[in-house]
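# Architecture and fold: a report
One letter stands for each residue in the lines below.
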Amino acid sequence: MIAYDLVIVGGGPAGLAAAVSAKENGVDSILILERENRLGGILNQCIHNGFGLHTFQEELTGTEYAYRYIQKVKELGIDYKVSAFVTDINVQKQITAAVRGEGLLEVQANAIILAMGCRERSRGALNIAGTRPAGIFSAGTAQYFVNVLGIMPGKEVVILGSGDIGLIMARRMTLEGAHVKCVAEILPKSGGLQRNIVQCLEDYDIPLRLSHTVIEIHGEKRLTGVTLAAVDEKLKSIPGTEEYIPCDTLLLSVGLIPENELTRQLPVTMLPETKGPKVDAGMQTDLPGVFACGNVVRVYDLVDNVSAAAVVAGRSAAEYLRE
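These notes cover the structure that comes with them. Since the structure is predicted, the reported quantities are computational estimates derived from the model, not experimental observations.

What counts, and at which threshold
- Residues numbered from 1 in each chain as written.
- Predicted model: local features only at pLDDT ≥ 70, side-chain atom pairs only at ≥ 80, totals over all residues.
- Heavy atoms only, no water.
- Helix = DSSP H or I, 4+ residues; strand = E, 2+ residues; numbered from the N terminus.
- Rg over C-alpha atoms; globule rule 2.2 N^0.38 Å.
- Buried < 20%, exposed > 50% of the residue type's maximum accessible area, 1.4 Å probe, protein only.
- Contact = heavy atoms within 4.5 Å.
- Areas by Shrake-Rupley, 256 points an atom, 1.4 Å probe, with all protein chains shown as cover.
- Lys, Arg positive; Asp, Glu negative; His and termini not counted.
- Charge placed at Lys NZ, Arg CZ, Asp CG, Glu CD.
- Axes fitted to C-alpha atoms, helices over the stretch in contact; angles between N-to-C directions.
- Left-handed = near helix turned anticlockwise from the far one by under 90°.
- Nonpolar A, V, L, I, M, F, W, Y, C, P; charged D, E, K, R; others polar.
- Pairing = 2+ DSSP bridges.
- Disulfide = S-S within 2.5 Å.

## What to know about the overall build of the protein chain
In terms of regular secondary structure, the protein chain is built from six helices and 22 strands. Radius of gyration (C-alpha) of the protein chain: 21 Å, near the 20 Å computed for a compact globule of 323 residues. For the protein chain, the proportion of its 323 residues judged to be buried stands at 51%. Contacts in the protein chain between residues at least 24 apart in sequence constitute 61% of all its contacts with a sequence separation of at least 6. When the accessible area of the protein chain is evaluated, it comes to approximately 14,700 Å², of which 50% is carbon and sulfur surface. Here the protein chain carries 30 positive and 37 negative side-chain charges, and the mean point of each set is 3 Å from the other.

## Quick look at the packing of helix α1 (residues 13–24) against helix α2 (residues 62–75)
Relative placement of two packed helices is described by the angle separating their axes and the distance separating the axes. Close contact between α1 and α2 brings their axes to 9 Å; oriented N to C, the two are set at 35°. Read as a crossing pair, α1 and α2 show a hand that is left-handed. Here Leu16, Ala17, Val20 and Glu24 of α1 come into contact with α2, specifically with Ala66, Tyr69, Ile70, Lys72 and Val73. When its residues are assigned to classes, the contact of α1 with α2 shows seven nonpolar, no polar and two charged.

## Quick word on the sheet that holds strand β12 (residues 156–160)
Taken together, five strands build an open sheet; the order of strands is β11-β18-β12-β13-β14 and the sheet is parallel. One side of each edge strand has no neighbouring strand; the edge strands of this open sheet are β11 (136–138) and β14 (208–210). Strand-to-strand twist across the sheet, computed as the mean angle between neighbouring axes with direction ignored, equals 20°. With respect to the sheet, helix α3 (residues 139–149) is in contact with β11 and β18 (249–252), its orientation differing from that of β11 by roughly 90°.

## Remarks on the side chain of threonine 227
Looking at where threonine 227 falls in the secondary structure, it is placed in strand β16 (residues 223–230). Overall, the relative accessible area of 11% leaves threonine 227 in the buried class.

## Considering the sheet that holds strand β15 (residues 212–219)
Within the open sheet, the four strands sit side by side as β10-β15-β16-β17. Their pairing is mixed. Here the strands that pair on one side only, and so sit at the sheet edges, are β10 (129–130) and β17 (243–246). Summarising the sheet, β15 and β16 pair through seven bridges and their orientation is antiparallel. By the bridge assignment, glutamate 216 is partnered in β16 with threonine 227.

## Focus: the environment of valine 73
Its place among the elements puts valine 73 in helix α2. Judged by its relative accessible area of 0%, valine 73 is buried. Between the C-alpha atom of valine 73 and that of valine 20, which follows or precedes it by 53 residues, the distance is 6.2 Å. If we skip the residues at most four places from it in the chain, valine 73 touches Leu16, Val20, Ile32, Ile78 and Tyr80.

## Focus on the state of the cysteines
Inspection of the entire model under this criterion finds zero disulfides. As a non-bridged cysteine, cysteine 200 has cysteine 46 as the owner of its nearest cysteine sulfur, 12 Å distant. Cysteine 200 gets classed as buried once you look at its relative accessible area, which sits at 0%. Looking at the unpaired cysteine 247, the closest cysteine sulfur is the one in cysteine 182, lying at 8.5 Å. Among the residues examined, cysteine 247 registers a relative accessible area of 4% and is labelled buried.

What follows is the structure in structure tokens.
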């Protein structure tokens, strides 16, 4: 078992900013554990701009934003392991991770920062009737296919949910030659930033169907279409408003959930309203020495705000270790 003063679970924007903050506040022994094969988290597939206006006072793409923090981590000599999947964490602050090429890694920490981010809701959480054909993706998966792998998931697209990633993918799919039929939103108001509604939908004449949702999926091997319907104030579909829309692809942008499976292994208070751990002003949970920051605490709208919270967590962890 190896020992570190501070172990950070997650090497996305929150984990990177927390590591840099802790190092700059005097913590020398830091280890970042990241389950993907490189640092940066979700920012690695975000090639659009709009990042960094608060943190760096300039507009960056997601990849540029991540690169700046990754370079800082390397310049400061902070240890990190990628392809490191944390499987267990306990109250003694012992962490077990499966690391590709190394096997099982056991780490004893004096303090821990949880920065696992969040995940997308899937079709299974929506209870949409119909078959299970190919062509249904979360918006984030489609983004990975297009921006990282260079693969187009489809040509005729309907997007369910008007969160920011759904809006951004409406524009991205259009720029890559797909026909986005519409973005449907079950609520009477979009969940995305106003600038994304303008820049991603209005600028490309993509219809936004508020108070509408997909009630049925059609197709056998491949998606052939969806049935859209209007909903009432109780979010129930209104009979007689059904509309069939032919498409080969359905992207789901129906919310994000903090990734807290590891957190629940610890005796910390979880808040039902945020689905994240309860933290104090220093981002410390009610288990001393265990901190949490970023989307694992609650889903943020801007990555700059994620980094700001992570800076607080890193500084607080440094203060805790000095006590």
